[in-house]
Amino acid sequence: MAPRPPRLHVDGAILGYQRGLRTQNNSVSLIKIKGVDSKDEVDFYLGKRIAFITKADVADKYGNKFRVNWGKVCRAHGANGVVRCRFRRNLPPQSIGGKVRVMLYPSRV
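Residues numbered from 1 in each chain as written. Predicted model: local features only at pLDDT ≥ 70, side-chain atom pairs only at ≥ 80, totals over all residues. Heavy atoms only, no water.

(A) Quick look at the sheet that holds strand S2 (residues 24–33). Taking strand neighbours around the barrel as the criterion, the six strands line up as S1-S2-S5-S4-S3-S6 in a closed arrangement whose pairing is antiparallel. If you compare each strand with its neighbour and ignore which way they point, the axes differ by 45 degrees on average. For strand S1 (residues 9–19) and strand S6 (residues 99–103), the ladder comprises five bridges, and the chain directions are antiparallel. Within S6, the residue paired with Ala 13 across the bridge is Lys 99. (Pairing = 2+ DSSP bridges. Helix = DSSP H or I, 4+ residues; strand = E, 2+ residues; numbered from the N terminus. Axes fitted to C-alpha atoms, helices over the stretch in contact; angles between N-to-C directions.)

So this is what it looks like as structure tokens:
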């Protein structure tokens, strides 16, 4: 059996939107990355791509039933390893509590 290819992503959870006491900013999503627990560890993930993957009922012209909304890690949010992300299309409210993939590219090393 062939060895598995290396994993190019880390899992993350969608916490919600950036918000104040009375207003929320839907264009900035808060993501908790698995294994990141401090502001210093966030620095590695700045600029990394994020994929929010959903499954549709109807296939597209290529026969693919999966839809991907791409985003990017912008900055840290607080001191516990939560990051602020901007997506090409704002995440829907149904996605809160869902999963995203934080890709390990592009590299800044």
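(B) Quick look at the environment of Phe 44. Tracing the backbone shows Phe 44 in the loop between helix H1 (39–42) and strand S3 (49–55). In this structure, the C-alpha to C-alpha distance between Phe 44 and Arg 108, residues 64 residues apart in sequence, is 8.1 Å. Leaving out residues up to four positions away in the same chain, Phe 44 has contacts with Leu 104 and Arg 108. (Contact = heavy atoms within 4.5 Å.)

(C) Main features of the side chain of Arg 49. Position of Arg 49 relative to the elements: it lies in strand S3. The side chain of Arg 49 is buried and forms no salt bridge, while Asp 11, the nearest opposite charge, is found at 16 Å. Those residues in contact with Arg 49 that lie beyond four places of it in its chain are Trp 70, Gly 71, Lys 72, Arg 88, Arg 101, Val 102, Met 103, Tyr 105 and Pro 106. (Buried < 20%, exposed > 50% of the residue type's maximum accessible area, 1.4 Å probe, protein only. Lys, Arg positive; Asp, Glu negative; His and termini not counted. Salt bridge = Lys/Arg side-chain N within 4 Å of Asp/Glu carboxyl O.)

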